[in-house]
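# Architecture and fold: a report
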Amino acid sequence: MKKFIYEMELVSAEVIKKDSFDIFLLAGGSDYRAYEILRIMKSEDVSINKILLFAFQERIQGIDTSDAYYNYLKIGFSNILPIHCSIKEPNSCLDGLISLESEILTAKKIALDISCFTKPFFFYLIKLFKERFKIHRITVFYTEPQSYLFPRGIFSSYRSSTGPLTILEIPGFTGYEARGDKRVLVILLGFDGDLSKEINEDISPSETLVVNGFPSYAPKFKDISLIANEKLTSDKDVQIIFSKANNPFDVFNLLESIKNKKHNDRPFINIAPLGTKPMALGVCLFALYYPEVRVVYPLPETYEKITTDNCWNSWRYLIPLNELR
Amino acid sequence: MKSILQDFPSILEMKKLIMHTSATIWKHEITEKEIDRWLDNFTGEVLSLDEEKILALWLLSNFVYYNEDEVIHLCRVLMRDFIHKMLIDTNVQRDEIDNNLSRIISKTRFLALGEPSESGGYILYYFRQVNDLHISYFIFPHKIDPDSIDNIVYIDDVTLTAGPGGQAHRKLKKIKSKYPNKKIILLTLIANEDSIAELKRIGVEVITTITLDERNKCFCVNSCIFHAYQNHIETCNKFALHYGNKIDSKWPLGYEHGEYTFGFFYNTPDNTLPIFWGTNDGWSPIFKRYDKNYERKSLVMHERFL
Amino acid sequence: MNDSYRNPFSGINAGTLDDQAILDYWCSPFAYRLFSEIKETDIYEDPNNIVLLGGRSTGKTMFLRYWSFPVQLKLANQNKDSKSRKIIDYFKEKKGLGFYIRIDGPILRSFNGSGIDSAKWNSIFTHYFELIVGRNYIEAIKKFYESDELNMVEVENHFIPEVKTILNAPQIVSLDELLKEFDSRIKEVDLFRGNVPFFKTDFIPSKGGFASQSLSFGIPKIAKKTISEFKESINFILLIDEYENYLEPQQRVINTLLRFSKNEIRFRIGMRLEGFRTFNMISEDDFIKEGREYRKAVFEDVLIKSKEYHNFLKEVSKKRLESVKIFKEKGKSDITEFLSKSEDLEKEALELVAKNPEKHFSHFKKSLKDSDIDAIKFKENPLLELLNILWVLRGIPANEVKAAMEDYLKGNTTGEKVKKYHMDYVDKYKLSLMFLLCSIYRKHKKYYSFNTFSFLSSGIVGNFIELCRRAFQYAEFENKDLLIKEWKIPKEQQTKAALDFSEAELQQINRIESYGGFIHKFINNIGNIFRDFHKDDKIRYPETNQFSTDIDNLTDQKFTDAMRAAIKWSVVQKKPTIQQPSPGKHLKDIYTINRIYSPSFQISYRTRGGYSVKLTASDIVKLMTEENVSSKNYLKQISDESENPNTSLNLFDYI
């Protein structure tokens with residue numbers, strides 16, 4: 001087995017001022033942490049040639065220029081190019097990116113801030129960069145929230161979305177299933193209890209493994225995900241395993257160990273990355289490395305506009321795409 | 001400003017939350033009977049009975065309990081973080097990882113911080129098991145051989161006291177001065193920022209799985225617990241202080257003003273609010289603490305037949 | 001003792017069970033005569049296609065999987081009484097082989113978008129579906145072959161060569177290789193689905209595509225032609241699950257198969273109510289029709305209207321209780337022991353009034369004379385007191401009421417008055433009186449007992465299981481000793497479970513695709529209207545919890561679609577047969593809201609079949625779009641109707 005020493009750092013002035021990027025991608029959003037990394041980069045005079053801001057029509061609809069969404073205009077970068085697309089269809093950005101193909105292909109340093117992207121979207125982007133643009137490595141940034149918003153403090157009332165849910169395969173991560181094989185579903189728990197239930201019913205696996213993000217961003221978070229999904233987690237037959245909430249490489253290792261343990265059964269592995277975005281990043285890398293694995297995700301009718309409060313730690317991950325098949 | 005009764009979830013809602021917590025994390029260790037027994041401690045001396053019940057339940061529903069599976073996982077995480085750090089510090093190239101791993105571990109010895117029978121030793125046992133480490137890598141302090149080892153690694157569960165008053169500081173400072181050219185590392189499950197900084201200052205590197213900051217102090221302005229109820233921090237502080245004083249008048253909010261709300265399956269640290277673990281004067285704890293006996297050296301056995 | 005306990009109702013979803021577990025947990029609905037439309041032999045023998053309709057958790061998947069080949073094979077092996085008897089004879093006796101086909105929602109939805117037009121996706125889907133079905137067939141034949149159940153020569157020299165010709169795969173010599181070939185072609189489709197969002201390409205299968213019927217009908221035809229064991233009447237039964245997940249173009253493909261299904265190939269399709277997105281076939285001007293291409297059996301329907309449903313639930317519970325060591329060891333497998341068989345309303349009423357036994361009299365003091373009150377008091381039974389109050393308010397002199405009550409209590413059954421008293425109390429008003437009492441005392445009605453949980457489940461087995469799961473969860477937390485030593489769950493814990501689940505299900509309505517918002521408002525409004533009916537202190541229309549309307553006459557199609565979605569998701573349930581909305585009125589469709597919502601609205605969990613709230617088209621729109629609609633206009637319907645409290649006969653569904 002080829003081994004790697006992963007690179008992951010807490011973002012600080014010292015760390016970030018060494019950086020410079022040809023292209024920086026981020027998602028527009030009203031959450032405070034949408035532009036935290038940009039703010040830090042501006043304050044440390046980090047050089048960025050071009051900033052691609054993914055402007056989701058669903059987030060822009062119905063807001064005016066005083067909305068926090070437009071705070072990126074106040075940061076001071078003048079080279080921001082909006083890429084108009086839809087949250088629900090990741091490949092809606094394809095044409096916009098293809099028009100920049102020559103710049104992307106010649107870029108040496110590309111960064112992606114996943115803080116305000118939806119998971120299906122950044123999965124798509126990373127695979128696009130790897131498969132289509134043949135990018136070798138990207139720097140991924142992520143900013144933790146200081147807190148999540150729980151109505152009246154009741155953890156189980158957290159909802160990331162409203163309206164109906166449709167369980168989809170993340171585009172490009174369909175995996176392949178030999179029909180005779182057992183199905184295993186690995187659910188990385190989030191705070192929204194509705195999601196795991198829907199996915200478990202839709203996929204109907206013969207075995208469900210539940211991964212809890214632990215250690216979590218804040219100590220109590222490791223309980224909240226278990227409580228919110230209590231129907232699943234209180235079942236003594238469901239195995240709960242753990243992986244660090246802020247380390248995608250830990251998640252990769254865990255998933256690989258699951259796959260290896262079940263090697264003889266040759267199961268069709270389905271993964272639902274409902275947990276933190278760094279954990280989802282780990283899933284993305286794993287699924288790129290093992291394309292037979294399927295990644296499923298619940299697409300809601302409407303995402304809640306703001307689900308978190310303020311910012312806390314920011315992280316920087318160096319993702320070696322060329323090491324992945 | 002809304003009252004406590006209007007603002008916080010109802011007693012029923014919180015009990016339901018705690019029921020789910022007990023089923024999923026606390027392994028059914030806490031039942032409603034125990035909760036009611038604990039709530040009987042609060043007799044309306046600061047606020048009305050109902051208000052005190054609500055605040056107590058609110059604190060309880062925010063208590064973080066680490067069960068055995070979680071502690072075992074943290075031990076695993078500690079080892080991996082240790083290895084990661086060592087590989088980076090020694091600037092290992094990718095194709096040399098396996099060889100270097102062997103070299104690193106052969107030059108490392110693990111010890112429990114503190115006396116035998118303290119929690120460090122307990123954690124050391126899990127640490128060895130879950131990481132499948134050879135027993136020869138675990139030694140007592142008097143067996144440190146400076147000629148054959150480079151890395152002296154201590155293991156503990158909680159490091160929350162910064163400064164010379166803390167056990168970690170005292171012991172590790174001595175070790176560092178005895179072995180100035182060796183890497184002295186503390187692997188601890190939980191530490192706070194102040195302790196980490198203070199130990200770094202004396203030349204000890206700290207690797208921890210959970211770093212506590214101001215958000216984890218119950219009554220701090222950035223407290224996670226009162227994020228949605230900032231208006232009630234002061235009242236709750238008063239409440240916890242009043243009853244905490246009955247249990248431990250020196251540290252009514254936990255050792256060194258901890259204000260923490262966590263515990264382990266094997267014990268509750270005294271940095272945690274005493275209202276959770278106290279037993280003085282008939283106080284019924286909800287998460288019992290097994291205190292260390294520093295005073296009585298004589299042995300008292302109550303059985304008739306020995 | 002503690003370690004051998006676990007919640008008997010947690011986990012276990014039919015989709016996740018392995019074949020043995022399906023057998024272990026199987027309770028035959030035929031043994032309880034739950035179906036009037038189909039019998040057991042129909043599964044394999046009926047030449048018609050059958051569509052099984054039912055909401056989530058009604059047991060469709062369990063049912064379909066039971067009849068599938070792997071599960072039946074296990075059963076055959078378990079029941080094999082003689083070594084000389086072949087397993088295939090078991091299937092010949094049954095006259096069929098079932099092939100369980102479940103293509104999950106995410107896969108079905110992936111045959112869409114990415115710049116490829118619908119017609120192309122449809123061809124790709126058809127090709128994929130044929131491969132899935134074909135693979136299923138080969139897998140079964142391989143199992144028989146490996147157990148020496150089939151003639152080797154027939155398989156190797158005739159069956160395989162013909163199949164490989166269709167596949168255009170001349171190199172294949174064994175069934176193993178056939179399976180691998182199918183896997184590789186299925187993988188081709190999967191890889192295409194994975195790549196198409198990034199590279200706009202056409203799907204060109206390496207060895208040609210499969211048109212509809214080519215494998216799904218073709219392979220059974222070859223099997224019957226070449227393998228003697230299949231020549232006799234073994235039907236190939238395709239058990240297609242979750243049909244509601246198929247997109248409309250995909251349903252057209254399958255609908256076409258239903259039309260052209262041969263005698264030896266039949267379909268049994270499981271889906272949600274209103275699960276058909278279309279009745280069209282591939283050719284747009286043709287469609288399938290109930291009675292012609294298929295007949296249906298409604299799961300919830302049969303479960304709601306059948307008295308045997310309760311016994312069925314007991315059997316389901318028994319299996320679950322027996323799977324827990326402590327209950328098995330102590331022989332505690334009767335759920336009615338834990339929950340109690342039915343409510344004890346008299347006891348409940350006494351507990352309710354204990355702190356203030358006069359309050360219900362004070363409530364009516366403006367309408368009652370003190371002397372009347374003294375006459376009709378009976379502190380041993382507040383429900384009788386309340387009935388007495390009602391009788392007095394209806395004009396019957398207090399002394400006559402007292403006499404009727406005393407006769408009733410003595411067991412005296414002669415006399416018109418006492419007969420009426422008996423009927424009013426026992427058959428008509430007891431539960432309504434309890435609701436009224438709760439309303440007067442401003443306390444929640446308790447929901448407990450096996451009987452109540454059965455009703456609340458609304459014919460959905462999964463709901464019953466969830467109610468029990470929550471009740472056991474509360475019991476474990478609040479008083480485990482009582483649970484595992486006295487085998488009891490107090491009514492307060494059962495009530496909490498019922499309320500919890502009811503609230504959770506109400507919230508889930510918002511998640512219904514496209515119309516969740518409308519439906520949620522509608523249920524909240526109609527539920528509150530029903531609640532106000534229950535609070536009517538003259539109990540003019542006891543336990544009113546159904547409504548009548550004409551869905552097809554709503555002005556805006558979206559509200560019709562919303563109502564259909566509500567039915568599909570079992571939020572609203574249509575009563576099995578057209579009934580009079582009220583005695584003497586024209587026949588109309590009658591609907592109830594799912595009884596699981598009863599605790600949230602504090603309404604009865606039964607349906608008396610008496611009064612139905614009449615909803616016009618504009619009512620439906622109002623209830624779907626506005627918040628907190630006042631129930632005044634609907635209550636006014638009561639006073640507009642001729643008041644006849646004696647109109648409703650004994651119209652309970654069943655008790």
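Note that the structure is a prediction, hence the values are computed from the model and not measured. (Residues numbered from 1 in each chain as written. Chains lettered and ligands numbered in written order. Predicted model: local features only at pLDDT ≥ 70, side-chain atom pairs only at ≥ 80, totals over all residues. Heavy atoms only, no water.)

## Looking at the interface of chain B and chain C
The accessible area lost on association of the parts is a frequent measure of interface size. On the side of chain C, eight residues touch chain B, which itself brings 13 residues to the contact. Interface area for chain B against chain C, summed over the two sides, is near 940 Å², with a carbon-plus-sulfur share of 59%. Across the contact surface, chain B and chain C share one salt bridge. The salt bridge involving D500 of chain C is made with K16 of chain B; its shortest N-O contact spans 3.0 Å. At the level of secondary structure, the elements contributing two or more residues to the side of chain B that touches chain C comprise α2 (11-24) and α3 (32-39) of chain B. It is α2 of chain B that provides the largest number of residues to the side of chain B that touches chain C, a total of seven residues. Within the side of chain B that touches chain C, the residues separate by chemical class into five nonpolar, four polar and four charged. (Contact = heavy atoms within 4.5 Å. Buried area = accessible area lost by both parts, 1.4 Å probe. Salt bridge = Lys/Arg side-chain N within 4 Å of Asp/Glu carboxyl O. Helix = DSSP H or I, 4+ residues; strand = E, 2+ residues; numbered from the N terminus. Nonpolar A, V, L, I, M, F, W, Y, C, P; charged D, E, K, R; others polar.)

## Focus on helix α20 (residues 382-393) of chain C
All names here are of chain C. Between its first and last C-alpha, α20 extends 16 Å over twelve residues, near the 16 Å set by a 1.5 Å rise per residue. With respect to burial, α20 is a largely interior element, eleven of its twelve residues being buried. What α20 keeps buried is the set P382, L383, L384, E385, L386, L387, N388, I389, L390, W391 and V392. In this fold, the buried residues of α20 make contact with α17 (345-353), α18 (359-363), α19 (370-376), α21 (398-410) and α22 (416-441). Two to three positions downstream of the cap, the backbone nitrogen of L383 sits 2.9 Å from a side-chain oxygen, assigning the N-cap of α20 to N381. At the C-terminal side of α20, G395 shows a positive phi close to 105 degrees. (Expected span 1.5 Å × (residues − 1). Buried < 20%, exposed > 50% of the residue type's maximum accessible area, 1.4 Å probe, protein only. Polar contact = N/O pair within 3.5 Å; in protein donor to acceptor, adjacent residues only side chain to side chain.)

## Observations concerning the interface of chain C and chain A
Listed by partner, the interface residues are 43 residues for chain C and 46 residues for chain A. Approximately 3,600 Å² of surface area, both sides summed, lies buried where chain C meets chain A, with 44% of it carried by carbon and sulfur atoms. The interface formed by chain C and chain A contains eight salt bridges. The residue R183 of chain A makes a salt bridge to D104 of chain C at a minimum N-O spacing of 2.7 Å. At eight residues, helix α9 (residues 175-195) of chain C tops the list of elements feeding residues into the side of chain C that touches chain A. Along the lines of polarity and charge, the residues of the side of chain C that touches chain A split into twelve nonpolar, 15 polar and 16 charged.

## Structural notes on the packing of aromatic side chains
Overall, the coordinates contain 109 aromatic pairs over all chains when judged by the stated rule. Between Y243 of chain C and Y246 of chain C, the ring centres sit 5.1 Å apart and the planes meet at 40 degrees, which makes this aromatic pair tilted. Positioned over the ring face of F214 of chain A is K222 of chain A, at 5.9 Å from the centre of the ring. For K377 of chain C, the ring lying beneath its charged end belongs to F361 of chain C, and the centroid distance is 5.7 Å. (Phe/Tyr/Trp six-rings, centres within 6.5 Å; stacked < 30°, edge-to-face > 60°. Lys NZ or Arg CZ within 6 Å of the ring centre and 35° of its normal.)

## A look at the pattern of salt bridges
Taken as a whole, this structure holds 85 salt bridges over all chains when the rule is applied. A salt bridge links K183 of chain B to D89 of chain B; the nearest nitrogen and oxygen atoms lie 3.4 Å apart. With K183 of chain B in strand β4 (residues 183-192) and D89 of chain B in helix α5 (residues 68-89), the pair connects residues that are 94 residues apart, well separated along the chain. Its salt-bridge partner being K574 of chain C, residue D589 of chain C comes within 3.8 Å of it at the nearest N-O pair. Taken as a pair, D589 of chain C in the loop between β7 (572-574) and β8 (590-593) and K574 of chain C in strand β7 lie far apart in primary sequence, 15 residues in all. Look at D589 of chain C and you get partly exposed, because its relative accessible area is 23%. The exposure class assigned to K574 of chain C is partly exposed, which follows from its relative accessible area of 43%. Overlapping salt bridges bring together E169, E177, R183 and R294 of chain A together with D104, D190 and R193 of chain C as one network.

## Focus: the nonpolar core
Residues F54 of chain A, F226 of chain B together with F159, F230, F522, I523 and F547 of chain C are the most contacted members of the largest nonpolar core, which totals 375 residues. A per-element tally of this core places helix α7 (residues 118-146) of chain C first, with 14 residues. Among all residues touching F159 of chain C, those that are not within four sequence positions of it are I138, I141, E154, L175, I219, I222, A223, T226 and I227 of chain C. (Core = buried A, V, L, I, M, F, W, Y, C linked by side-chain atoms within 4.5 Å.)

## Re a nonpolar patch on the surface
A surface patch of nonpolar side chains, amounting to about 410 Å² of accessible area, comprises L299, M301 and L306 of chain B. Positionally, L306 of chain B belongs in the segment after α11 (274-277). (Patch = residues over 30% accessible without salt bridge, like charges linked within 9 Å, V, L, I, M, F, W, Y side chains within 5 Å. Areas by Shrake-Rupley, 256 points an atom, 1.4 Å probe, with all protein chains shown as cover.)

## Some remarks on the sheet that holds strand β5 (residues 294-298) of chain C
All names here are of chain C. Strand order in the open sheet formed by five strands is β2-β3-β4-β1-β5, with parallel pairing between adjacent strands. What marks the edges here is a single partner per strand, and that holds for β2 (96-101) and β5. Direction aside, the axes of adjacent strands within the sheet are offset by 20 degrees on average. As paired strands, strand β1 (residues 49-53) and strand β4 (residues 265-271) are joined by four bridges and run parallel to one another. (Pairing = 2+ DSSP bridges. Axes fitted to C-alpha atoms, helices over the stretch in contact; angles between N-to-C directions.)

Just distances and angles here, no functional claims.
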